[in-house]
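Chain by chain, the residues:
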Amino acid sequence: MVVTSEELTKALPWVLSKVDEDSIDEIMVKRNYYKPEMRSYLLENKILKFQGGVLTANEMLSLNKMGLLDGSNFILEDRVIVPIRSAKGNVVAYVGWRKGATKYMTVASEDFSKEALWFNIDKALDKAFGDKSSIWYGKVVVVEGIFDALSLDMLGIPAIATMGANVGSYKGEMLKIFDKVLCIPDTDKVGLRAVKEWCVGDNATFLYFKGVLDLGDGVQVKYKDIDQLCNLMDDESVKAVLLDVLSLGVRNYTYELS
């Protein structure tokens with residue numbers, strides 16, 4: 001059974017009405033988030049765990065018609081719900097996250113395609129082109145993971161995620177609408193290998209973070225991804241680093257953390 005974007009968009013208010021605000025503490029712990037700003041961001045955007053409880057007969061019937069029923073539960077029960085939207089803001093998929101095995105489960109409409117869609121593109125376009133006086137005007141940051149993009153979005157930075165390790169020619173063409181593109185791949189083997197084949201134009205700079213974050217009192221944390229950096233580094237420092245690298249006009253840059 002194929003669910004449509006219109007059906008997922010129409011169902012979103014119901015889905016968000018069933019998320020549990022009390023799950024925020026668990027999410028903060030499992031994602032290793034510390035900043036109160038991130039807590040507020042997740043609550044405001046209702047990026048929380050779906051806990052629908054006992055569904056009514058009508059709810060079960062509607063979910064079953066869309067192929068979103070798993071037994072007597074919504075298929076993404078007990079997962080953190082992240083809607084995936086098109087550039088126009090229509091919901092084309094839901095992603096359900098939980099820590100551990102099978103971290104991500106995607107409920108996709110016929111309009112969803114990882115090869116043709118950037119996560120968070122609707123918000124990134126607004127941040128990049130909504131205000132000509134913004135320091136981020138015409139700029140975008142490209143990352144791999146959904147939560148990487150959310151962490152940057154929380155800081156007011158236009159950010160989009162590949163939702164996978166690859167960037168093909170179609171998605172590369174989409175990046176040409178931006179004046180400057182900052183690509184921040186993950187530093188694992190998969191990410192570093194895939195980034196060599198990313199189809200991005202001459203307006204792109206690749207930023208690699210290297211080293212450890214010194215948190216003081218002898219505590220040091222090895223860099224993993226931009227989500228972690230946003231969580232542990234001062235907000236204004238993160239913004240300053242990204243803007244400074246964008247201003248260099250180079251293809252590749254390695255930033256040494258200390």
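Bear in mind the structure is a predicted one, so any value in this text is a computation, not a measurement.

Draft legend 1. Layout of the environment of K224. Positionally, K224 belongs in the loop between β12 (219–222) and α9 (226–232). Note: C-alpha distance between K224 and G100 (124 residues apart in sequence) is 17 Å. A polar contact is formed between the side chain of K224 and the side chain of D225, at a distance of 2.6 Å.

Draft legend 2. Representation of the layout of surface pockets within the structure. The computed volume of the largest pocket comes to approximately 720 Å³. Taken together, 29 residues form the lining of the largest pocket, with R31, K103, Y104, K224 and D225 sitting closest to its centre. Of all elements in the fold, only β6 (91–97), β7 (104–108), α6 (146–154) and α9 reach the threshold of two or more residues within the lining of the largest pocket. Counting residues per element, the lining of the largest pocket draws most heavily on α9, which supplies four residues. Class assignment for the residues of the lining of the largest pocket results in twelve nonpolar, six polar and eleven charged.

Draft legend 3. A look at a negative patch on the surface. A cluster of acidic residues, E6, E7, E110 and D111, forms a negative patch on the protein surface. Residue position: E110 is located in the loop between β7 and α5 (121–129).

Draft legend 4. Here's a closer look at the packing of helix α3 (residues 36–44) against α6. In contact at an axis separation of 10 Å, α3 and α6 are set at 105° when each is read in the N-to-C sense. Judged by the angle between their axes, α3 and α6 are roughly perpendicular. Contacts between α3 and α6 involve E37, M38 and Y41 from the first element and L150, S151, D153 and M154 from the second. Grouping the amino acids of the contact of α3 with α6 by side-chain chemistry returns four nonpolar, one polar and two charged.

What counts, and at which threshold
Residues numbered from 1 in each chain as written. Predicted model: local features only at pLDDT ≥ 70, side-chain atom pairs only at ≥ 80, totals over all residues. Heavy atoms only, no water. Helix = DSSP H or I, 4+ residues; strand = E, 2+ residues; numbered from the N terminus. Polar contact = N/O pair within 3.5 Å; in protein donor to acceptor, adjacent residues only side chain to side chain. 1 Å grid on protein atoms, 1.4 Å probe; cavity = no way out; pocket = protein on both sides within 12 Å on 5 of 7 lines; lining within 4 Å. Points joined across faces, edges and corners; volume = space filled by probe spheres on them. Nonpolar A, V, L, I, M, F, W, Y, C, P; charged D, E, K, R; others polar. Patch = residues over 30% accessible without salt bridge, like charges linked within 9 Å, V, L, I, M, F, W, Y side chains within 5 Å. Areas by Shrake-Rupley, 256 points an atom, 1.4 Å probe, with all protein chains shown as cover. Salt bridge = Lys/Arg side-chain N within 4 Å of Asp/Glu carboxyl O. Lys, Arg positive; Asp, Glu negative; His and termini not counted. Charge placed at Lys NZ, Arg CZ, Asp CG, Glu CD. Axes fitted to C-alpha atoms, helices over the stretch in contact; angles between N-to-C directions. Parallel < 35°, antiparallel > 145°, perpendicular 65-115°, else oblique. Contact = heavy atoms within 4.5 Å.

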